[in-house]
Number of protein chains: 2
Amino acid sequence: MKRMNLTMLTDFYEITMANGYFQNGLKDKIAYFDMFFRKVPDDGGFAIMAGLEQVIQYLKNLHFDDADIEYLRGKGLFNEEFLQYIKEFKFSCDVWSVLEGTPVFPNEPIVTVRGPVIEAQLVETMILLTINHQSLIATKANRIVRAAQGRGVLEFGSRRAHGYDGAIFGARAAYIGGCAGSACTIAEQDFNIPAAGTMAHSWVQMFPKEIDAFRAYARIYPDNCLVLVDTYNVLKSGVPNAIKVFNEEVVSRGFRPKGIRIDSGDITYLSQKSRKMLDDAGFPDCKIVASNSLDEYIIRDILVQGAEVDLFGVGERLITSKSEPVFGGVYKLVAVEEEGEIVPKIKISENVEKITNPGYKQVWRLFERTSGKAIADVLTLPDESIDDTRPYLIFDSEHTWKRLTVTDFRAKRLMTQIFDHGVCVYESPDLQAIKDYCREQVDTLWDEVLRFENPHNYYVDLSKDLWDVREKLLIEFSGK
Amino acid sequence: MKRMNLTMLTDFYEITMANGYFQNGLKDKIAYFDMFFRKVPDDGGFAIMAGLEQVIQYLKNLHFDDADIEYLRGKGLFNEEFLQYIKEFKFSCDVWSVLEGTPVFPNEPIVTVRGPVIEAQLVETMILLTINHQSLIATKANRIVRAAQGRGVLEFGSRRAHGYDGAIFGARAAYIGGCAGSACTIAEQDFNIPAAGTMAHSWVQMFPKEIDAFRAYARIYPDNCLVLVDTYNVLKSGVPNAIKVFNEEVVSRGFRPKGIRIDSGDITYLSQKSRKMLDDAGFPDCKIVASNSLDEYIIRDILVQGAEVDLFGVGERLITSKSEPVFGGVYKLVAVEEEGEIVPKIKISENVEKITNPGYKQVWRLFERTSGKAIADVLTLPDESIDDTRPYLIFDSEHTWKRLTVTDFRAKRLMTQIFDHGVCVYESPDLQAIKDYCREQVDTLWDEVLRFENPHNYYVDLSKDLWDVREKLLIEFSGK
């Protein structure tokens, strides 16, 4: 059912091009590719980078096995010399990447691959697929977690995920983005993401009466008793039965009940009424969990209305990023080496927003020293450095008269080398560390960037030298 | 990176409930669960069932291995007797399912599982995940294919899929729904889905000039020459260079060029102008392929405007079902056996649309004999039969005064037994056969049901006997 080696999860054109480069004597030509995206999902102010650990695993494993070669031979498009070459090749590229959990912005490289063009091209599909998926979910999770204003958010979406990895790596990305845990068991087993869950409606239906179901559950899990109260009627039966059972089966055994879950109906109204009933019964410490097609907009609205919810279970709208299920990362050739010189390349397009930033680039983030807040990102040529002991002029690359001289700032390189000539030189931190790093880094963004609607447009500028390169190429190639 | 056994891809509450049933002496209690959905994505008139083959593989493999048991032991929630039980259990349920490729409608069972409640409950997450995902994509693909009105549609979305299975099984589902092929190499290797692809923009950029890139490609693939014409400027450089190279490198070698691909800009305008240039140059047989964020709405619009496109490459909006990325299938307890009697169960809800159809049921589809068109689906009790030699009265289960007596019809059972006491008794057809079956079955739907917007609401009715059971349970349980 599942394959260990995903080398063949590649668009077929990567292989026709690979053969094309091989036949044209270009197999050792060194190329540079950037992964970047053009638009933040949900019109948000930033995205969260995620998926690097799985990219590393894929690249470490990259090889065509005998069955792959046999299949390719059967296509009748490739000669034996080429098939022998790809059977024997070892991944030898350099890879740089922004680290997982980092807030990232449109039109800046988040992964750069340098190496023989056949190899650097071949990995396009899997790098995009992996980072697009996990960054999409981490970004959505971060929005939902921020809407919950400190209340916990649990990822509940496995059953609506797009395939098995959609559930498993989706839970991973949701955790990076700030979720407190997941309903997905395998996510705990594989990634140490706290997994939790108590009962479905079917549990309640399996017993003659609702109270029998609650009682049976409480007797087995008196120290962990959380019951689902909406199988029949939340206020008329669910909560009264819960309170009765909490007293008879939980408190009587020396424990406190954990909570109730409401999965349908008007969450604001039902949670307020339930809260009052629980408080009046002597259970102010009993938590209320809400689920049922939640997202950041509904959570924000019901909290504004005073919903008494302690913990949100968020399913389909998180695991599919329902309001915008596409993270549009692309992977574009930005340079080639000609006799040791890095020659920048550009892609012009009828759609202006599809024009690429050419050249092998560095990405810098400038932080205000006094507040620690991020001011702007700046892309530079590889050999440029930003001296943060002196004022630095940034300007908008389209509207170049929009300028700002930055002072009293700290400049940080965002890209870390992950592979050095095919050898992995980076070890992913554990998931908890990535999650903590994400929270710290999101805290460096101004509130204006964090807004759900119409956030401030964070600056991603080009250095003067890089801007000159781009301008020159635009003029040179626009009529070609 | 990938796991062979997905038993642990289950919501944690399935395991807490399993333990609960075990501790309450209910482990051998026979339960019936239905999978069904409540709403067709995109407000369409029907969905396409897909994913059964992967459900079968999962169920055949179902078992907890030592590492799973060790992990569960570490949770500190389960005793050794229970752990021993789940370590040793063998799947022993009956499973019935609607076959892949069948049009399906809201509120009818598409999968039914009968067996010991622990087992029948445990498989909820994976059955939902698998069928929800593939049915979502098959349904979307079918809409897009119908919009293309006989032109081919290729699935191009791997890089924007939600994880690896999202791409691989997404390509499978898209093929069932009617796509002609995929860009995903592994989909051909694993499922025989024709995979195709020629060049990316990077190929064009790798050469000093666009024409050099086309020329290099044509020399390697003279019999399969399709070039991407929008790297710099479609009409000023892309198409003229293509024509020049077709003449010099393809026709001169005795071949005909295959086509051009346009991936940006105004597809209607660019395709019409390109068509004229190709025709004037003596290449009326050269196909035009269009890609760039297409879906059924854009394809319909540009065809109405006279776009000259022969083949559509559809990526992110297909592989994520962007306009509605959730297929909301649910899995609900509908009956239990008490001393050999099947006792129907219901779930009431504050949201009326969340009330379930109780009982173990049969699903029938009634076809008009003269036209072969589907009239309605009818759910019945298990021992009821629909005699299609006599008139049959169907009625709306909410508005019971809406009635229709059907005559001259053929009644067909929609569910097939897949597992018999844990033994698989069904073999999936090959994918091409499923795809062909899907097309035939969609052809049995009236045009009114096929409409993209405001389609006719196809009837899914209850038999009188089943309706009586439901009414009785609603009254009995609504105040519980």
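As recorded by an unreviewed UniProt entry, chain A carries the name Nicotinate phosphoribosyltransferase and is attributed to Dendrosporobacter quercicolus. Under the UniProt heading Pathway (unreviewed entry), the entry covering chain A gives this text: "Cofactor biosynthesis; NAD(+) biosynthesis; nicotinate D-ribonucleotide from nicotinate: step 1/1." Its UniProt record, at the heading Function (unreviewed entry), says of chain A: "Catalyzes the first step in the biosynthesis of NAD from nicotinic acid, the ATP-dependent synthesis of beta-nicotinate D-ribonucleotide from nicotinate and 5-phospho-D-ribose 1-phosphate."

**Student:** I'd like a description of the overall build of chain A, backed by residues and values.
**Tutor:** A tally of helices and strands in chain A yields 17 helices and 21 strands. Projecting the C-alpha coordinates of chain A onto the three principal axes gives extents of approximately 80 × 60 × 40 Å. Scored against the burial criterion, the 480 residues of chain A give a buried share of 63%. Taking all contacts inside chain A whose residues are at least 6 apart in sequence as the whole, residues at least 24 apart take part in 74%. Accessible surface, chain A: about 17000 Å² in total, of which carbon and sulfur atoms supply 49%. Both charge centroids of chain A, one from 56 positive and one from 70 negative side chains, sit 5 Å from each other.

**Student:** Talk me through helix H12 (residues 267-280) of chain B; I want residue IDs and the actual numbers.
**Tutor:** For an α-helix the count is 3.6 residues per turn, leaving residues at separations of three or four pointing the same way. Residue and element names in this part refer to chain B. End to end, H12 covers 19 Å across 14 residues, agreeing with the expected 20 Å (1.5 Å per residue, within 8%). Taken as a whole, H12 has its buried residues at Ile267, Thr268, Leu270, Ser271, Ser274, Arg275 and Leu278. Mapping the buried residues of H12 onto a view down its axis gives an arc of 165°, with all of them on the same face. Among the exposed residues of H12, those pointing more than 90 degrees away from its buried face are Lys276 and Asp280. Where H12 is buried, its residues touch helix H11 (234-250), strand S9 (259-262), strand S10 (287-290) and helix H13 (296-304).

**Student:** How would you sum up the interface of chain A and chain B? Please name residues and give values.
**Tutor:** The interface is formed by 117 residues belonging to chain A together with 117 residues belonging to chain B. Roughly 10400 Å² is buried in total at the junction of chain A and chain B, and carbon and sulfur atoms are behind 58% of that figure. Between chain A and chain B we count eight salt bridges in total. Measuring nitrogen to oxygen at the nearest pair gives 2.9 Å for the salt bridge that ties Arg159(A) to Asp11(B). Seen at the junction of chain A and chain B, the total is 52 residue pairs in polar contact (both at pLDDT 80 or more). With 10 residues, the single largest contributor to the side of chain A that touches chain B is helix H1 (residues 12-23) of chain A. Looking at the side of chain A that touches chain B, its residues break down into 56 nonpolar, 36 polar and 25 charged.

**Student:** Tell me about the sheet that holds strand S5 (residues 111-116) of chain B, and name the residues and values.
**Tutor:** Residues and elements named next belong to chain B. In space, the seven strands of this open sheet follow the order S13-S12-S1-S5-S3-S19-S20, with antiparallel pairing throughout. Whereas interior strands pair on both sides, the edge strands pair on one side only; in this sheet they are strand S13 (341-344) and strand S20 (423-424). Note that strand S19 (residues 415-420) and S20 share two bridges and pair antiparallel. Note on S20: the bridge partner recorded for Asp420 is Val423. Across the sheet, helix H2 (residues 52-61) touches strand S3 (94-98), S19 and S20, and the angle it forms with S19 is around 20°.

**Student:** So, the domain arrangement of chain A: which residues are in play, and what are the values?
**Tutor:** Residues and elements named next belong to chain A. The domain architecture assigned to chain A consists of domain 1 (12-137 + 325-477) and domain 2 (138-319). Computed from C-alpha coordinates alone, the two centres of domain 1 and domain 2 are separated by 39 Å. Note on domain 1 versus domain 2: buried area summed over both sides is about 2200 Å², and carbon and sulfur give 56% of it. Per-residue buried area on domain 1 facing domain 2 is highest for Ile137, Leu431 and Phe452; these three make up 37% of the total on that side.

**Student:** Could you give an account of the packing of aromatic side chains, with specific residues and numbers?
**Tutor:** Considering all chains together, one arrives at 40 aromatic pairs over all chains under this definition. Each ring, one from Phe33(B) and one from Tyr331(B), has its centre 4.9 Å from the other, and the planes form 10°; the classification is stacked. Of this pair, Phe33(B) sits in strand S1 (residues 30-36) while Tyr331(B) sits in strand S12 (residues 330-338), and the two are 298 residues apart along the sequence. Exposure remark for Phe33(B): the relative accessible area of 0% places this residue in the buried category. An angle of 70° between the planes, with centres 6.3 Å apart, marks the rings of Phe395(B) and Trp467(B) as edge-to-face. Note that Phe395(B) is positioned in strand S16 (residues 392-395) and Trp467(B) in helix H17 (residues 464-477), a separation of 72 residues in sequence. Each member of the pair, Phe395(B) together with Trp467(B), is buried. A connected cluster of aromatic rings, assembled from ring pairs, spans Phe12(A), Phe22(A), Phe78(A), Phe82(A) and Tyr85(A).

**Student:** With reference to specific residues and values, describe the relation of the copies chain A and chain B.
**Tutor:** Once turned by 180° and shifted 0.0 Å along the axis, chain A lies on chain B with an RMSD of 0.0 Å. When the rotation and shift are considered jointly, the pair of chain copies conforms to a two-fold rotation axis. Mapped onto chain B, 100% of the interface residues of chain A again fall at the interface, so both copies present the same surface.

**Student:** Can you explain helix H3 (residues 66-74) of chain A? Please cite residues and give values.
**Tutor:** Residue and element names in this part refer to chain A. Within the sequence span of H3, burial applies to Asp68, Ile69, Tyr71 and Leu72. Considered in projection along H3, the buried side chains sweep an arc of 160° and stay on one side of the axis. In H3, those exposed residues whose orientation departs by more than 90 degrees from the buried face are Asp66 and Gly74. Positive backbone phi, at 70°, marks Gly76, one or two positions downstream of H3.

**Student:** Outline the packing of helix H2 (residues 52-61) of chain A against helix H6 (residues 124-147) of chain A, listing residues and values.
**Tutor:** All names here are of chain A. One way to put it is that H2 packs onto H6 with a least axis distance of 9 Å and a crossing angle of 160°. In terms of their interaxial angle, H2 and H6 are classed as roughly antiparallel. Viewed along their axes, H2 and H6 form a crossing whose handedness is right-handed. Along the contact surface, H2 presents Leu52, Gln54, Val55 and Tyr58, while H6 presents Met126, Ile127, Thr130, Ile131 and Gln134. Taken together, the residues of the contact of H2 with H6 break down into six nonpolar, three polar and no charged.

**Student:** With reference to specific residues and values, describe the sheet that holds strand S20 (residues 423-424) of chain A.
**Tutor:** Residue and element names in this part refer to chain A. Taking strand neighbours across the sheet as the criterion, the seven strands line up as S13-S12-S1-S5-S3-S19-S20 in an open arrangement whose pairing is antiparallel. Each end of this open sheet is capped by a strand with a single partner; those strands are strand S13 (341-344) and S20. By the bridge criterion, four bridges tie strand S12 (residues 330-338) to S13 in an arrangement that is antiparallel. Paired with Ala335 across the bridge in S13 is Pro344.

**Student:** I'd like a description of the side chain of Ser321(A), backed by residues and values.
**Tutor:** Residue placement: Ser321(A) occurs in the loop between helix H14 (316-319) and S12. Overall, Ser321(A) belongs to the buried group, its relative accessible area being 1%.

**Student:** Explain the pairing of strand S19 (residues 415-420) of chain A residue by residue, including any values.
**Tutor:** Residue and element names in this part refer to chain A. Two strands pair when backbone bridges link them, and strand S3 (residues 94-98) and S19 are joined in this way by four bridges, in the antiparallel orientation. For Ser97, the partnering residue across the bridge sits in S19 and is Thr416. Between S19 and the antiparallel strand that follows it, S20, lie two residues; His421 among them carries a positive phi value of about 50°.

Calculation rules
Residue positions within a chain follow its written sequence, with the count starting from 1. Whichever chain is written first is A, and whichever ligand is written first is 1; the rest continue in order. With the structure being a predicted model, the display of local features is reserved for residues of pLDDT at least 70 and the display and counting of side-chain atom pairs for 80 or more, all residues being used for whole-chain, interface and lining totals. As a rule here, side-chain values come from all non-hydrogen atoms in the structure, and water together with hydrogens is ignored. UniProt positions are given in the numbering used here, feature names are shortened, and annotations may be inferred rather than shown by experiment. Secondary structure elements are defined from DSSP: runs of H or I of at least 4 residues count as helices, runs of E of at least 2 residues count as strands, and each element is numbered from the N terminus. Each residue is placed in one exposure class: buried if its accessible area under a 1.4 Å probe, protein chains only, is under 20% of its type's maximum, exposed if it is over 50%, and partly exposed if it falls in between. Two residues form a contact once any of their heavy atoms are found within 4.5 Å. Note on areas: Shrake-Rupley, 1.4 Å probe, and residue coverage restricted to the protein chains presented here. Note that His is not counted, nor are the chain ends; the positive residues are Lys and Arg, and the negative ones are Asp and Glu. To locate a charge, the coordinates of NZ of Lys, CZ of Arg, CG of Asp or CD of Glu are taken. For a helix, the expected span equals 1.5 Å multiplied by the residue count minus one. Note that the arc is computed from the directions linking the helix axis to the C-beta atoms. Put simply, buried area is the surface a 1.4 Å probe can reach on two separate parts but cannot reach once they are joined, added for both. Whenever Lys or Arg places a side-chain nitrogen within 4 Å of a carboxyl oxygen from Asp or Glu, that contact is recorded as a salt bridge. Under the rule applied, a polar contact is a pair of N or O atoms within 3.5 Å (in protein, one hydrogen donor and one hydrogen acceptor; residues adjacent in sequence only if both atoms are side-chain atoms). Each residue receives one of three labels: charged for Asp, Glu, Lys and Arg, nonpolar for Ala, Val, Leu, Ile, Met, Phe, Trp, Tyr, Cys and Pro, and polar for the others, Gly being one of them. Paired strands are those between which DSSP finds at least two bridges. To get an axis, fit a line to the C-alpha atoms, keeping to the stretch in contact for a helix; angles then go from 0 to 180 degrees between the N-to-C directions. Domain boundaries shown here were taken from an automatic or database domain assignment. Pairing of aromatic rings covers Phe, Tyr and Trp, the last counted by its six-membered ring, and requires centre-to-centre distances within 6.5 Å; plane angles under 30 degrees mean stacked, over 60 mean edge-to-face, and any other angle means tilted. Copy-to-copy alignment: least squares on C-alpha atoms, limited to residues at pLDDT 70 or above in both. Any angle between 65 and 115 degrees counts as roughly perpendicular, while under 35 counts as roughly parallel, over 145 as roughly antiparallel, and the rest as oblique. The hand of a helix crossing depends on one turn: near helix anticlockwise from the far one by less than a right angle means left-handed, and clockwise means right-handed.

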